[in-house]
Amino acid sequence: MDLPVLNASPAASAAQSGGGCDSHSCGSSDDQLGHLPEHIRAKVHNHPCYSEQAHHYFARMHVAVAPACNIQCHYCNRKYDCSNESRPGVVSEVLTPAQAVKKVMAVAANIPQMTVLGIAGPGDPLANPERTFETFRELSEKAPDIKLCVSTNGLTLPESVEELCKHNIDHVTITINCVDPDVGAKIYPWVFWKNKRVTGREGAAILIEQQQKGLEMLTARGILVKVNSVMIPGINDEHLVEVSKVVKAKGAFLHNVMPLIAEPEHGTFYGLMGQPGPTHEELQKLQDACAGDMNMMRHCRQCRADAVGMLGEDRGQEFTLDKIEAMEIDYPAAMVKRAEVHAQIERELEIKDLARAAKAELVAIQGGKQSAPKTRPVLMAVATKGGGVINEHFGHAGEFLIYEASEFGVRFIGHRKTIPYCEGGDTCGDGESALDVTIRELAGCEVVLCSKVGYEPWGPLEAAGIQPNGEHAMEAIEDAVLAVYAEMGAAGKLDARPVAQQKAA
Amino acid sequence: MAFEIIETCVNCYACEPLCPNQAIYQASPHFLIDPEKCTECIGDYMDAQCSSICPIEGAILDELGRELNPPGSLTGISPAMLAQYQAAVEATYQAALAAKSP
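Here we summarise the structure given alongside this text. Please read all numbers here as calculations on a predicted model, not as lab measurements. Within every chain, residues take consecutive numbers counted from 1 along the sequence as written. Numbering of ligands from 1 and lettering of chains from A proceed in the order in which they are written. For this predicted model, a pLDDT threshold of at least 70 governs which residues receive local features, and a threshold of 80 or more governs which side-chain atom pairs are given and counted, while totals over whole chains, interfaces and linings are taken from all residues. To obtain the side-chain values, all non-hydrogen atoms of the structure were used and water was disregarded.

A few points about the overall build of chain B
Helix and strand definitions follow DSSP, with helices as H or I runs of at least four residues and strands as E runs of at least two, each counted in order from the N terminus. Summing up its helical and strand segments, chain B has two helices and four strands in all. Ordered by position in the sequence, the α and β elements of chain B form the string β-β-β-α-β-α. Throughout this description, buried means an accessible area under 20% of the type-specific maximum (1.4 Å probe, protein chains only), exposed means over 50%, and partly exposed covers the range between. Relative to its full complement of 102 residues, chain B shows a buried share of 37%. In chain B, of all internal contacts separated by at least 6 residues, the share reaching a separation of at least 24 is 44%. The Shrake-Rupley method, run with a 1.4 Å probe, gives the accessible areas here. Residue values count only the displayed protein chains as cover. Surface summary for chain B: the accessible area is close to 6000 Å², and the carbon and sulfur share equals 58%. Contacts between residues were defined by any pair of non-hydrogen atoms, one from each residue, lying within 4.5 Å.

Okay, structure coming up:
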């Protein structure tokens, strides 16, 4: 059984296979961007936040220069400041534009995979226009090879569009949680608008109007817009399907539905109210429902407003202000080095794309899909450090990428965070409970692929219906997932229900 | 006649550019209002600007020391809710302590 790699959704894949091809296997890429026009793909192919493929290879960073905000969201606590938490709106220290520029230059010199600098908070970047734009202005001069992007709640977006264009920012993310003020009133207690605090439905209506206007103005100017939405069960979950339709019609090219993060200890309204976030299953269901209308993003890690490195990792501690001060950096040499590293990755990706296309063509010629027997889809968890290969030990993984293999191929579903089973040495005392967390987080997965897995976790994983597998170390993720799926098929495991369900029955 | 910023200020800068009298300035450990310059925005705006954008309940006081944004007014988190949560945290902590002692 040899299957192609699918787009994020069957619908997206079908939409792109216009030119004389009629199956999922035609011209597909492993990216959710496969069916986008060429000029957009060219802009985002090396942006880790916009391209699922790129996020395995390229790095990004955020600088926290924007502490002020002009709205209140019920999932945000403005008093929050913590170095151990990873979620939006949280930072360790706010930087001045000059400090931020210094930090970006240092990180870009030390992490040559870096392609993108974003300003995302911890407040709203456009509520801090001087600080945000001064940072962009200096960086576009000093590091012209770094892409600049900004993330906003949209309230002052229309008045900022002109300035955004000046700084050559071609990616903007707007967080849009609703297009209905009645829904908005349950998410936003107030907005600061025209020198007044406006509460309730009236405030939400202003925010929605500004967001939509800003979205239209940006797309009219050819600036790429991604829309972020926080899925809040019982508040806007069903409504987000409508949001997806509306923002797509207005030209947003990507929709990122993220799960609500709400714990009482965060001190947010939702956290204290006991408002639950969605389960993995609920999130995936909604993402699939939106995918019918829109290009969906599933690899978002909801990172901090001062995150540094590859998505899913944070190397911020290596680049604190005092450490940067002590670094000796040859900036021109660093830029040359970046160009080399980027070109190397591009070559690697090109070869992978060619191989994939060839494989897809072969399957199309053989009519692979039609002749494949009817088998059930299987979720597999993968431990990776990046590079699109299985290269992380089970016990070291702080997160797992989730892939779905089916008779149509393999598609990326999302990621699940956990506590590494064993960081090695003294943290092993907590190993047992960490394993419980991982097993809970991997619910629904039948296989976990990693470069190595120890004897101890093996038994509990198997007992939970999750087969550990270390046989595909250093192999490309999609190839390995398909190979394991084929093995399961050959062993007759794809007709039956998953082991976990059999046990439950 | 002047407002005052107190220690619960989180230094978010939001109020500083809005002041029509440039009465607000960055200081350590938190922003401050120059009482000589503050007019409480009378004559400039219907609502005082600093207290209209401030996200922290209780961080700005009026001339009589009253909170311009009382507890619950901005976040919807009522003092009762907060007290309930704090009691729960305390109970969990005490239970953990008790479990550790022989």
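Focus on the sheet that holds strand E6 (residues 190-193) of chain A
Residue and element names in this part refer to chain A. At least two DSSP bridges between two strands are needed for those strands to be called paired. The strand order across the open sheet built from three strands is E2-E6-E7, with neighbouring strands paired in antiparallel fashion. Taken across any chain shown, the strands that pair with only one partner, and hence form the sheet edges, are strand E2 (71-72) and strand E7 (196-199). Judged from the two bridges that link them, E2 and E6 form a sheet pairing that is antiparallel. Note that in E6 the partner of Gln72 across the bridge is Trp190. Lines are fitted to the C-alpha atoms to define the axes, a helix being fitted only along its stretch in contact, and any angle between axes, read from their N-to-C directions, falls within 0 to 180 degrees. Docked against the sheet, helix H7 (residues 200-220) engages E2, E6 and E7, running at close to 105 degrees with respect to E7.

Focus: the packing of aromatic side chains
Two rings from Phe, Tyr or Trp (for Trp, the six-membered ring) form a pair when their centres are within 6.5 Å of each other. A pair whose planes differ by under 30 degrees is stacked, one over 60 is edge-to-face, and the rest are tilted. Applying the stated criterion to the full structure yields five aromatic pairs over all chains. For the ring pair A:Phe133 and A:Phe136, a centre distance of 6.4 Å and an interplane angle of 55 degrees mean the geometry is tilted. Taken together, the positions of A:Phe133 and A:Phe136, both in helix H4 (residues 129-142) and three residues apart, correspond to about one turn of that helix. Positioned over the ring face of B:Tyr13 is A:Arg131, at 4.2 Å from the centre of the ring. The ring centre of A:Trp190 lies 4.4 Å from the NZ or CZ of A:Arg197, which sits over that ring. Definition used: whenever NZ (Lys) or CZ (Arg) falls within 6 Å of the ring centre and also within 35 degrees of the ring normal, the charge is taken to sit over that ring.

Some points on the sheet that holds strand E16 (residues 467-469) of chain A
Residues and elements named next belong to chain A. Strands sit in the order E14-E13-E12-E15-E16 across an open sheet of five strands; the sheet is mixed. With partners counted over all chains shown, the strands left at the sheet margins are strand E14 (409-417) and E16, one partner each. Between one strand axis and the next, the sheet turns through 25 degrees on average, direction left out of account. In this structure, strand E12 (residues 378-382) lies alongside strand E15 (residues 445-449), joined through four bridges in parallel fashion.

So, the nonpolar core
In a soluble, globular protein the nonpolar side chains are often hidden away together inside. All names here are of chain A. We call a set of buried residues a nonpolar core when its members are Ala, Val, Leu, Ile, Met, Phe, Trp, Tyr or Cys and they connect through side-chain atoms within 4.5 Å of each other. With 52 residues, the main nonpolar core has Val63, Met114, Leu117 and Leu218 as its most contacted residues. The element best represented in this core is helix H3 (residues 97-110), accounting for seven residues. Those residues within four positions of Val63 in sequence are excluded, and the remaining contacts are Leu95, Ala100, Val104, Leu117, Gly118, Ile119, Gly121, Thr135 and Ala305. Membership of the second largest hydrophobic core comes to 37 residues, among which are Leu36, Tyr75, Val183 and Leu207.

A few points about the pairing of strand E3 (residues 114-119) of chain A
Residue and element names in this part refer to chain A. By the criterion of burial, E3 is predominantly enclosed, with six of the six residues buried. Bridge analysis of strand E1 (residues 59-62) against E3 gives four bridges, and the strand direction is parallel. Bridge pairing links Ala59 to Met114 in E3. Direction of pairing for E3 relative to strand E4 (residues 147-152): parallel, over a ladder of four bridges. In the sheet register, Leu117 faces E4, and the bridge partner there is Leu148. The parallel pair E3 and E4 is bridged by H4, and the resulting crossover is right-handed. Note on handedness: a crossover is taken as right-handed if, strands pointing away from the viewer, the path from the first strand over the helix to the second is clockwise.

A look at the environment of A:Gly309
Residue and element names in this part refer to chain A. For Gly309, the location among the structural elements is in strand E11 (residues 308-309). On the basis of relative accessible area, Gly309 is assigned to the buried category, the value being 1%. Separated by 248 residues in the primary sequence, Gly309 and Met61 have C-alpha atoms spaced 6.1 Å apart. Filtering out sequence-adjacent residues up to four positions away, Gly309 remains in contact with Ala59, Arg60 and Ile111.

Looking at the environment of A:Cys49
Residue and element names in this part refer to chain A. Of note, Cys49 is situated in the loop between helix H2 (38-44) and E1. On a C-alpha basis, the gap between Cys49 and Val116 in space is 8.9 Å, while along the polypeptide they are 67 residues apart. Residues in contact with Cys49, not counting those within four places in the same chain, are Arg60, Lys226, Met297, His299 and Leu311.

A word on the interface of chain A and chain B
At the junction of the two partners, chain A supplies 23 residues and chain B supplies 23 residues. Taken together, both faces of the contact between chain A and chain B bury some 1900 Å²; the carbon and sulfur share is 64%. We define a salt bridge as a contact between a side-chain nitrogen of Lys or Arg and a carboxyl oxygen of Asp or Glu at a distance within 4 Å. If you look at where chain A meets chain B, you find zero salt bridges. N or O atoms within 3.5 Å of each other form a polar contact, as long as, within protein, one can give a hydrogen and the other can take it, and as long as residues adjacent in sequence are counted only when both atoms are side-chain atoms. Where chain A meets chain B, there are eight residue pairs in polar contact (both at pLDDT 80 or more). Taken together, the elements giving at least two residues each to the side of chain A that touches chain B come down to E6, E7 and helix H9 (269-273) of chain A. When residues in the side of chain A that touches chain B are grouped by element, the largest group, three residues, is from H9(A). Summed over both partners, the accessible surface that disappears when two parts come together, traced with a 1.4 Å probe, is what is meant by buried area.

Digging into the pattern of salt bridges
All names here are of chain A. Overall, the coordinates contain 13 salt bridges over all chains when judged by the stated rule. We note a salt bridge from Arg221 to Glu162, for which the minimum N-O separation is 3.0 Å. Placement of the pair is Arg221 in the loop between H7 and strand E8 (224-231) and Glu162 in helix H5 (residues 157-166), with a sequence separation of 59 residues. Residue classification places Arg221 among the partly exposed positions, given a relative accessible area of 42%. Here Arg201 and Asp182 are joined by a salt bridge, their closest N and O atoms 2.7 Å apart. Linking Arg201 in helix H7 with Asp182 in helix H6 (residues 181-184), this pair joins segments that are 19 residues apart in sequence. Three or more residues joined by partner-sharing salt bridges are found here, namely Asp288, Glu404 and Arg411.

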